[in-house]
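Observations on chain architecture
As a plain string of letters, each chain reads:
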Amino acid sequence: MIESLTSPKLDRRKNSLSIFLGLGVLSTIGILLLLWATPHGVGLSPDSAGYICAARSLLSGKGLMGLPLWDGTGGIFTNYGPLFPLLLAGLGFIKIDPMNGARLLNTLLFGANIGLISFLTYEYTRSLVPSVISAFLILTSFVTLEVHASAVSEPLFLFFTFLGFFLLEKYLKKNSSQALLFTASFVLSLAFLAKYSGVSILVTGIFSLLLFSRESFPGKIREILIFSVLCGLPMA
């Protein structure tokens, strides 16, 4: 009797463990692949120069300053989201140059994004096959590899966007405690800080709460206010 009661729980635990181990393997493969693809360092673009310059400026005690102008002066770093150079500067405090830090950070994010998207696929399909296929598509996508192999903020933006909307969907589906709404709002605000085009996230979140929340209309307004303040505060 005891065995029959505990067997389903044990099976679920074994399945969950197998899934997370599989996701870990896929993420590790992605990390190793990107390290192999960038032996001479991270890819650069005009945007990359701005991020790395801002990170080095912060490390030198000058604050987040952008690329120098024609007269040698530099303006405050306002053209792009500040989160990526802030993280690069944080790695700089432990003696990792922003160039190397960009490679390290986006390589880890490649693994994290593979694992996250594969997990989300399994979460919504409850099937391992689509989950593995989604991971394989990311691993073999030239565009995805190119983005993660460059010193740009898109990998950070993608990670926080996918994670934030997953948390928001969980809140709407289960009508759970507002702690989850707070968490989702905060995570999505980080996506905006990574990339200013994330302003569309605020609009999407508001309409999601308005259309899919199970609260009464006054409750929906309260949720929208909480989300707008927490998610929109960095935009102020």
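Please refer to the structure higher up on the page.
Reference entry: report on the structure contained in this document. (Residues numbered from 1 in each chain as written. Predicted model: local features only at pLDDT ≥ 70, side-chain atom pairs only at ≥ 80, totals over all residues. Heavy atoms only, no water.)

Let's talk about the overall build of the protein
Here is the rule: Per the convention used, a helix needs a DSSP run of H or I reaching at least four residues, while a strand needs a run of E reaching at least two, with both numbered from the N terminus. Throughout, a residue-residue contact means that at least one pair of heavy atoms, one from each residue, lies within 4.5 Å. All accessible-area figures derive from a Shrake-Rupley calculation using a 1.4 Å probe, and residue coverage is judged against the displayed protein chains alone.
Regarding its fold elements, the protein presents 10 helices and 2 strands. Moving toward the C terminus, one meets the helices and strands of the protein in the order α-α-β-β-α-α-α-α-α-α-α-α. Sequence-distant contacts, at least 24 apart, represent 67% of the contacts inside the protein between residues at least 6 apart. Just so you have it, the protein exposes about 13,000 Å², and 71% of that area is on carbon and sulfur atoms.

Side note on the nonpolar core
Keep this limit in mind: Residues belong to a common nonpolar core when they are buried Ala, Val, Leu, Ile, Met, Phe, Trp, Tyr or Cys residues joined through side-chain atoms within 4.5 Å. Relative accessible area decides the class of each residue, using a 1.4 Å probe on protein chains only: under 20% of the type maximum gives buried, over 50% gives exposed, and in between gives partly exposed.
If you look at the biggest cluster of nonpolar residues, it comprises 40 residues, and the most contacted ones within it are Phe84, Leu156, Phe160 and Leu209. At the level of elements, α2 (46-59), α3 (83-92), α4 (98-125), α7 (154-174), α8 (178-194), α9 (199-212) and α10 (217-232) are the ones that each hand at least two residues to this core. Leave out the neighbours within four places in its chain, and leucine 156 touches Leu83, Phe84, Leu87, Leu109 and Ala194. Formed by 9 residues, the second largest nonpolar core is a distinct cluster that contains Leu34, Ala135, Ile138 and Leu139.

Quick word on α2
An α-helical segment advances 3.6 residues per turn. Residues three or four places apart therefore align on the same side. Worth spelling out the cut-off: What a helix is expected to span follows from its residue count: subtract one and scale by 1.5 Å.
Between its terminal C-alpha atoms α2 stretches 20 Å, which fits the 20 Å expected from 14 residues at 1.5 Å a residue. Residues Ser48, Gly50, Tyr51, Ile52, Ala54, Ala55 and Ser57 constitute the buried set of α2. Backbone geometry just downstream of α2 places glycine 61 in the positive-phi region, at approximately 90°.

Focus: the packing of α8 against α10
Between two packed helices, both the angle of their axes relative to each other and the distance between the axes serve to describe the pair. Spelled out, the test is: Angles here are taken between N-to-C directions and fall from 0 to 180 degrees, while the axes themselves are lines fitted to C-alpha atoms, restricted in helices to the stretch in contact. In this scheme, a crossing is called left-handed if the near helix is turned counterclockwise away from the far one by less than a right angle; it is called right-handed if the turn is clockwise. Amino acids outside the nonpolar list (Ala, Val, Leu, Ile, Met, Phe, Trp, Tyr, Cys, Pro) and the charged list (Asp, Glu, Lys, Arg) are all regarded as polar, and Gly is one of them.
One way to put it is that α8 packs onto α10 with a least axis distance of 8 Å and a crossing angle of 35°. When the axes of α8 and α10 are compared, the crossing they make is right-handed. When α8 is examined against α10, the residues Gln178, Leu181, Phe182, Ser185, Leu188 and Ser189 are found in contact with a partner set consisting of Arg222, Glu223, Ile226, Phe227, Leu230 and Cys231. Tallied by class, the residues present in the contact of α8 with α10 amount to 7 nonpolar, 3 polar and 2 charged.

Comments concerning the environment of arginine 214
Condition: Counting of polar contacts relies on pairs of N or O atoms within 3.5 Å, with two restrictions inside protein: one atom must be capable of donating a hydrogen and the other of accepting it, and residues adjacent in sequence are counted only when both atoms are side-chain atoms.
The residue arginine 214 is located in the loop between α9 and α10 in this model. What makes arginine 214 exposed here is its relative accessible area of 58%. Note: C-alpha distance between arginine 214 and lysine 174 (40 residues apart in sequence) is 9.2 Å. Of the polar contacts made by the side chain of arginine 214, one reaches the backbone oxygen of lysine 173; its length is 2.7 Å.

Things to note about a nonpolar patch on the surface
Selection rule: Patch definition: residues with relative accessible area over 30% and no salt bridge; like charges joined within 9 Å; nonpolar side chains (Val, Leu, Ile, Met, Phe, Trp, Tyr) joined within 5 Å. One side-chain nitrogen of Lys or Arg within 4 Å of one carboxyl oxygen of Asp or Glu is enough to make a salt bridge.
Residues Val203, Phe207, Leu210, Leu211, Phe212, Phe217, Ile221 and Leu225 make up a contiguous nonpolar surface patch of about 810 Å² in total accessible area. Only α9 and α10 provide two or more residues apiece to the nonpolar patch. Counting residues per element, the nonpolar patch draws most heavily on α9, which supplies 5 residues.

Comments concerning the packing of aromatic side chains
Keep this limit in mind: Pairs were defined over the aromatic rings of Phe, Tyr and Trp, the Trp ring being its six-membered one, requiring ring centres within 6.5 Å. Orientation was assigned from the angle between planes: stacked under 30 degrees, edge-to-face over 60, tilted for the rest.
Using the criterion set out here, one finds 8 aromatic pairs in the structure. Look at tyrosine 51 and tyrosine 80: their rings are 5.4 Å apart centre to centre, the planes differ by 50°, and that puts the pair in the tilted class. Of this pair, tyrosine 51 sits in helix α2 while tyrosine 80 is found in the loop between β2 (74-76) and α3, placing the two residues 29 residues apart along the sequence. Note on tyrosine 51: relative accessible area 2%, which makes it buried. For tyrosine 80, a relative accessible area of 26% gives the class partly exposed. With 5.9 Å between their ring centres and 35° between their planes, phenylalanine 77 and tyrosine 80 make a pair best called tilted. Linked through ring pairs, Tyr51, Phe77, Tyr80 and Phe84 together constitute an aromatic cluster.

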